[in-house]
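# Structural features, examined
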Amino acid sequence: PFASGNIHALLVTGNEVWVGGDFASIGAQFRTNLAVLDRTTGAAKNLNTSANRPVLGLSLDGDTLYVGGDFSTLGGQPRSRLAALERATGALTSWAPRPNGLAYTLAAAPVL
């Protein structure tokens, strides 16, 4: 699918492709910097996941998607550079660590 800007991160899970970057539209829909696409058709799903600045790292742990980048809002809610959302709905979780610098890469690790 065509994106109107740069793509910095991809995460494929099941029939979904999560895309993070610096774009205003992707999959023939207006989505800002974070979108989830149907893996078969490439169409953007209707989730409110827009970030106000670039999204750089994506990581999935179970049904929680962790997002890192240079944003201060995600899905219309305040989140500074790191956020977590429910994969199925795009709803933000309460996790909001607010780091002092950019989050370029994320990796979810199991708790031992």
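Structure's up top.
Residues numbered from 1 in each chain as written. Predicted model: local features only at pLDDT ≥ 70, side-chain atom pairs only at ≥ 80, totals over all residues. Heavy atoms only, no water.

Below, the discussion takes up the pairing of strand β7 (residues 64-69). Strand direction decides the pairing type here: strand β6 (residues 55-61) and β7, joined by six bridges, are antiparallel. Bridging from a neighbouring strand, glycine 57 pairs with glycine 68 of β7. In this structure, the hairpin formed by β6 and β7 is closed by a connection of two residues, where glycine 62 is found at a positive phi of approximately 65°. Where β7 meets strand β10 (residues 82-86), five bridges bridge the pair, whose relative direction is antiparallel. Bridging across to β10, leucine 65 finds its partner in leucine 85. (Pairing = 2+ DSSP bridges. Helix = DSSP H or I, 4+ residues; strand = E, 2+ residues; numbered from the N terminus.)

Turning next to the sheet that holds strand β2 (residues 16-22). Hydrogen bonds along the backbone pair up the strands of a sheet, which may run parallel or antiparallel. Pairing within the open sheet is antiparallel, and its three strands lie in the order β1-β2-β5. Every other strand in the sheet has two partners, leaving β1 (6-13) and β5 (34-38) as the edge strands with one partner each. Each strand axis lies, on average, 25° off the axis of its neighbour in the sheet, ignoring direction. Direction of pairing for β2 relative to β5: antiparallel, over a ladder of five bridges. (Axes fitted to C-alpha atoms, helices over the stretch in contact; angles between N-to-C directions.)

Turning our eyes to something else, we now look at unusual backbone geometry. Even without being glycine, alanine 28 reaches a positive phi, approximately 65°. Positioned with a positive phi, arginine 81 is a non-glycine residue whose angle comes to about 70°. Relative to the elements of secondary structure, arginine 81 occurs in the loop between β9 (77-78) and β10.

Read these as layout, nothing more, since geometry by itself doesn't imply function.
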